[in-house]
Amino acid sequence: MHGERQQDNLILCPQCDMLVALPPLQSGSKAVCPRCKTTLSARWAEPRKQPIGFALSALFMLVLANIFPFINMRVAGLGNEIKLIQIPQVMVAEDYASMATLFMVFVQLIPAFCMLAIILLCARVRLPRQWKIWMAKVLFQLKTWCMVEIFLAGVLVSFVKLMAYGDIGIGSSFIPYCLFCLLQVRAFQCVDRRWLWQDIEPAPLIEQPLQVGRTGLRQGVRSCSCCTAILPALQSKCPRCYTMGYVRRRHSLQWTMALLVTSIILYIPAMLMPIMITEALGNKMPSTVMAGVVLLWGEGSYPVAMVIFIASIMVPSLKMLAIGWLCLDANGKGKANADSERMHLIYEVVEFVGRWSMIDVFVIAVLSALVRMGQLMSIYPDIGALLFAMVVILTMFAAMAFDPRLTWDRASETIKKEPQGDGK
């Protein structure tokens, strides 16, 4: 039992591969890797009740947000209002089922599934062990693809764009949707991956002696990418979550570069082709991403123009450059020690900001669903919007395919027995 307790507090940092001994954590504190500053584990007061409460409240708010009118618009005496659930219906009616699918998956289905999984897992509902393992695996894989807050930002940008044409109002479901956005973010924050997996099943014991402050690669062990269990380097299948894995992601750089090149190829037509068509009094006016920024700037909406320019033009371009730079550095083109911390920071920024480029796609979804005034004024999505969404998704996959531990493999080991602890 002593060996089990001693091993239970060890964790391999998923970002830099350093073996760290976790100290006893007080409620409201977290353990941080001493080398790359990645959060390794967090301890919350009421680790079951808090996530369940937030997730249940989020699901209730999502139901309310879909039942009642979301936003409305009035132009020259003509009015239109939409519910959230009507946005994909309009896009399907306009033969844009692909855009409707992206909206339903990222804004409705994935967040709802994740909240339900949190409730079932934290409440210890009696389910077959395989179901619990599957739900926990899917929960952490889908977390990145919850884009509720990005859609909400897109709605706010749509308001600014539409104010030039008529009166915009919020429906009775707008506030519940804002609350759903906040509650689902909080529910995710309160679920610690390490704690949840330990609750499902204890990590498998490893027989060989381990030295804190050294990387797993140099000790012949690896971390399970799904449940964080420490496993022998040659053991490809995790006995706890059944996830296949290796010491380093296989062909990580090749996959990353392939996805990156594909996204660059799509990015060029996505910028040149119209993302939406505005039909006013029978005249059709196509609009590209850059044209939308120029229009907003010309109308004096400088903050919104800057948000769209940064999220839709600057962020994707810089993200592609950053991913290419990360691959070059991991392939041995950078300095061993000096670049590791800098490259890790770049990787974290790339992971965080990449999904926010979807804001323009969601703006088009809202505009095309709301602006339905017949010959007076109508807005339709166009092929550029779909291409741009594919660019964002491919760059997100490229960042996921990249193994951040490769940037640390040539750096010297920093031996520290305890991680840094921070209060939350």
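Residue positions are given per chain, counting from 1 as you read along its sequence in written order. Per-residue local features are limited, in this predicted model, to residues with pLDDT of at least 70; the limit for side-chain atom pairs, both in listing and counting, is 80 or more; totals at the level of whole chains, interfaces and linings are taken over all residues. Side-chain descriptors were evaluated using all non-hydrogen atoms of the structure, hydrogens and water having been removed beforehand.

Some thoughts on the environment of cysteine 146
Step number 1: Secondary structure elements are taken from DSSP: a helix is a run of H or I of four residues or more, a strand is a run of E of two residues or more, and numbering for both begins at the N terminus. By the element assignment, cysteine 146 lies in the loop between helix H5 (129–142) and helix H6 (148–162).
Step number 2: Relative accessibility decides the category of a residue: with a 1.4 Å probe and only protein chains considered, values under 20% of the type maximum give buried, values over 50% give exposed, and everything between is partly exposed. In this structure cysteine 146 comes out as buried when scored by relative accessible area, which is 2%.
Step number 3: The sequence separation of cysteine 146 and leucine 109 amounts to 37 residues, and the corresponding C-alpha distance is 9.0 Å.

Remarks on the sheet that holds strand E12 (residues 377–381)
Step number 1: Spatially, E11-E10-E12 is the arrangement adopted by the 3 strands of the open sheet, whose pairing is antiparallel. Each edge of the open sheet carries a strand with a single partner, namely strand E11 (283–287) and E12. Each adjacent strand pair in this sheet contributes to an overall mean axis angle of 20 degrees, direction not counted.
Step number 2: The criterion for strand pairing is that DSSP finds at least two bridges linking the strands in question. Of the pairings in the sheet, the one linking strand E10 (residues 276–280) to E11 comprises 5 bridges and is antiparallel in character. Pairing of alanine 280 across the sheet is with asparagine 283, part of E11.
Step number 3: In what follows, residue pairs with any heavy atoms lying within 4.5 Å of each other are defined as contacts. Only the stretch in contact is used when a helix axis is fitted, and all axes are lines through C-alpha atoms; the angle between N-to-C directions ranges over 0 to 180 degrees. Here helix H13 (residues 359–370) sits on the sheet in contact with E10 and E12, set at roughly 140 degrees to E12.

Overview of the pattern of salt bridges
Step number 1: Basic side-chain nitrogens of Lys or Arg form a salt bridge, by our definition, when they fall within 4 Å of a carboxyl oxygen of Asp or Glu. Here the structure, examined in full by the defined rule, presents 7 salt bridges.
Step number 2: Note that aspartate 199 and arginine 48 form a salt bridge whose closest N and O atoms lie 2.5 Å from each other. Taken as a pair, aspartate 199 in helix H8 (residues 193–200) and arginine 48 in the loop between strand E4 (39–43) and helix H2 (49–67) lie far apart in primary sequence, 151 residues in all.
Step number 3: Of the residues examined, aspartate 199 reaches a relative accessible area of 19% and is grouped as buried.
Step number 4: According to the relative accessible area criterion, arginine 48 is partly exposed, its value standing at 24%.
Step number 5: Note that aspartate 403 and arginine 405 form a salt bridge whose closest N and O atoms lie 2.9 Å from each other. In this structure, aspartate 403 and arginine 405 share a single accessibility class: buried.
Step number 6: One network of salt bridges, with partners in common, ties together Asp17, Arg248 and Asp409.

Topic: the confidence of the model for the protein
Step number 1: Every residue gets a pLDDT, meaning the predictor's confidence in that residue, from 0 to 100. Scored by pLDDT, the protein has a mean of 85; 92% of the residues are at 70 or more.
Step number 2: Here residues 1–5 is a poorly scored stretch, pLDDT under 50, and it has 1 contact once near neighbours within four places are set aside; other chains count.
Step number 3: In the model, residues 414–419 has pLDDT below 50 throughout and makes 20 contacts with residues more than four positions away in sequence or in other chains.

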